[in-house]
Amino acid sequence: MRRLIHALAALAVLGLAGGCSSAHGRADTASDTGDDTTKAGYAAGSPFWVDPESPAARQAQLWEQQERKEDAELIRRIADRPVALWPAGELDPAPMVRAAASAASEEGKTAVFVAYNIPHRDCGQHSAGGAEDADTYRDWIGQFADALGEAEALVVLEPDAVAHVVDGCTPGEYHAEREQLLSEAITRLKQQPNTKVYLDAGNADWIREPDKLVEPLQRAGIEEADGFALNVSNFQTNEVTTEFGVQLSEALDGKHFVVDTSRNGNGPLPGVWCNPPGRALGTPPTTHTGEQALDAYLWIKRPGESDGDCEGGPDAGRWWPEYALELARNAED
């Protein structure tokens, strides 16, 4: 099964894109608080599944064979921690999802996924693509959900989709269909008995007024979801993102949220959102957040996978070992 996940990941690498993010940034200092509170029904600590054959794990093995011991040890800061899987939109998601969900269940862990295949995705930017039409998307989400079965799973739904409605990047004629598809996707995924769904809501430096997100999130079915996700593939600090998330939570009648901390250890680099240099891994995945409405810090964007062909990087979603090593080297632990 582990070999199956490895093979599927190799086929899907172009689908493992991190999504478009705001081009704006803030130079705030990252902060993290920990407690022993159980969040969202999870056990305290990190209950999430670690893929033993992730690109980072394979890189560590290669560097060990090449006697690059220090680099191998550093890259294990990524390899030994849980990161989300992004099944490719152009492929049947079921084999990868089923394999990971089964492997996680065998270990008593929760598998984390990203569903990223909405039509007109990323409005033609670095991660452009998505399902050909609404019915194709419905079929894809149905296959995704079926493959989850009864496994404990957490799905981050469609990075950027709602924020691109709010900022106008996605043309207006697609808005109603998109919100309908998101609502239907939440309903379908929640039919799986142990699946939690967090609808993406952008980041704190993109749609800076939380109130602007409320109605679009409501039209997209947030009421049926477990909550919303923030900072996916971005670099905003825990402090800034948590403050924003609490405000949005209050406007949504207390909906909880999760935060992507995969690369926010040094915060954002002003003016550069695509593969910015000098960044660092952030808080490792955990349910110890110190905030009642914040269910977990997660590594949603896969550290070391490119944002796009910018700043010397390969295509979006491609593994970039040099960037991964820099993220690990700059991390606090």
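Shown above is the structure to which this text applies.
What you see is a predicted model, and the numbers here were worked out from it, not measured in a lab.

A. Up close: the state of the cysteines. Following the criterion strictly, the structure yields two disulfides and no others. Here Cys-274 pairs with Cys-310 through a disulfide, and the sulfurs are 1.7 Å apart. The sign of the -65° torsion about the S-S bond sets the Cys-274-Cys-310 disulfide as left-handed. Taken as a pair, Cys-274 in the loop between strand S5 (256–260) and strand S6 (294–298) and Cys-310 in the loop between S6 and helix H10 (321–330) lie far apart in primary sequence, 36 residues in all. The pair Cys-274 / Cys-310 is uniform in exposure class, with both members buried. Each disulfide in the protein chain links cysteines that, numbered along the sequence, combine into the pattern 1-2, 3-4.

B. The arrangement of the packing of helix H3 (residues 69–79) against H10 in detail. Relative orientation of the contacting elements H3 and H10 amounts to 85°, with a least axis distance of 8 Å. As far as their axial angle goes, H10 and H3 are roughly perpendicular. Contacts between H3 and H10 involve Asp-71, Leu-74, Ile-75, Arg-77 and Ile-78 on the former and, on the latter, Ala-324, Leu-325, Ala-328 and Arg-329.

C. Fine view of the sheet that holds strand S3 (residues 195–200). Across the sheet, which stays open at both edges, the six strands sit in the order S1-S2-S3-S4-S5-S6 with parallel pairing between neighbours. For this open sheet the edge positions go to strand S1 (111–115) and S6, each flanked by a neighbour on one side alone. In this sheet, neighbouring strand axes are inclined to one another by 25° on average, regardless of whether the strands run parallel or antiparallel. As paired strands, S5 and S6 are joined by four bridges and run parallel to one another. Along S6, the bridge assignment pairs Val-259 with Tyr-297. Of the strands in this sheet, S1, strand S2 (153–157) and S3 are in contact with helix H5 (residues 134–148), which crosses S1 at around 175°.

D. Region of the structure containing the nonpolar core. Formed by 57 residues in total, the largest nonpolar core has its most connected members in Phe-113, Tyr-137, Phe-144, Leu-157, Leu-199, Leu-217 and Leu-248. With eight residues, the single largest contributor to this core is H5. Setting aside residues no more than four positions away along its own chain, Phe-144 makes contact with Pro-87, Pro-93, Val-97, Phe-113, Val-114, Ala-115, Val-155 and Leu-189. Among the nonpolar cores identified, the runner-up in size contains 21 residues, and Ala-72, Ala-79, Leu-281 and Ala-331 belong to it.

E. Expanded view of the pairing of S3. Counting buried residues along S3, five of its six residues qualify, which places the element largely inside the surrounding structure. Pairing of S2 with S3, which is carried by five bridges, proceeds in the parallel orientation. Its bridge partner being in S3, Leu-154 is matched across the sheet by Lys-196. Note: S3 against strand S4 (residues 227–230), three bridges, orientation parallel. In the sheet register, Asp-200 faces S4, and the bridge partner there is Ala-229. At this point the chain moves from S3, through helix H8 (residues 211–219), to the parallel S4, and the crossover so formed is right-handed.

F. Structural detail: the side chain of Thr-289. Summarising the element assignment, Thr-289 is placed in the loop between S5 and S6. Given a relative accessible area of 2%, Thr-289 falls into the buried group. A polar contact of 2.8 Å, which involves the side chain of Thr-289, links it to the backbone oxygen of Leu-294.

G. Fine view of helix H7 (residues 175–189). Helix length check: H7, at 15 residues, gives a terminal C-alpha distance of 21 Å against a target of 21 Å (1.5 Å per residue), a fit within 8%. Among the residues of H7, those classed as buried are His-175, Arg-178, Glu-179, Leu-181, Leu-182, Ser-183, Ala-185, Ile-186, Arg-188 and Leu-189. In this fold, the buried residues of H7 make contact with H5, S2, helix H6 (161–166), S3 and H8.

Rules used throughout
- Residues numbered from 1 in each chain as written.
- Predicted model: local features only at pLDDT ≥ 70, side-chain atom pairs only at ≥ 80, totals over all residues.
- Heavy atoms only, no water.
- Disulfide = S-S within 2.5 Å.
- Helix = DSSP H or I, 4+ residues; strand = E, 2+ residues; numbered from the N terminus.
- Buried < 20%, exposed > 50% of the residue type's maximum accessible area, 1.4 Å probe, protein only.
- Axes fitted to C-alpha atoms, helices over the stretch in contact; angles between N-to-C directions.
- Parallel < 35°, antiparallel > 145°, perpendicular 65-115°, else oblique.
- Contact = heavy atoms within 4.5 Å.
- Pairing = 2+ DSSP bridges.
- Core = buried A, V, L, I, M, F, W, Y, C linked by side-chain atoms within 4.5 Å.
- Right-handed = clockwise from strand over helix to strand, strands pointing away.
- Polar contact = N/O pair within 3.5 Å; in protein donor to acceptor, adjacent residues only side chain to side chain.
- Expected span 1.5 Å × (residues − 1).

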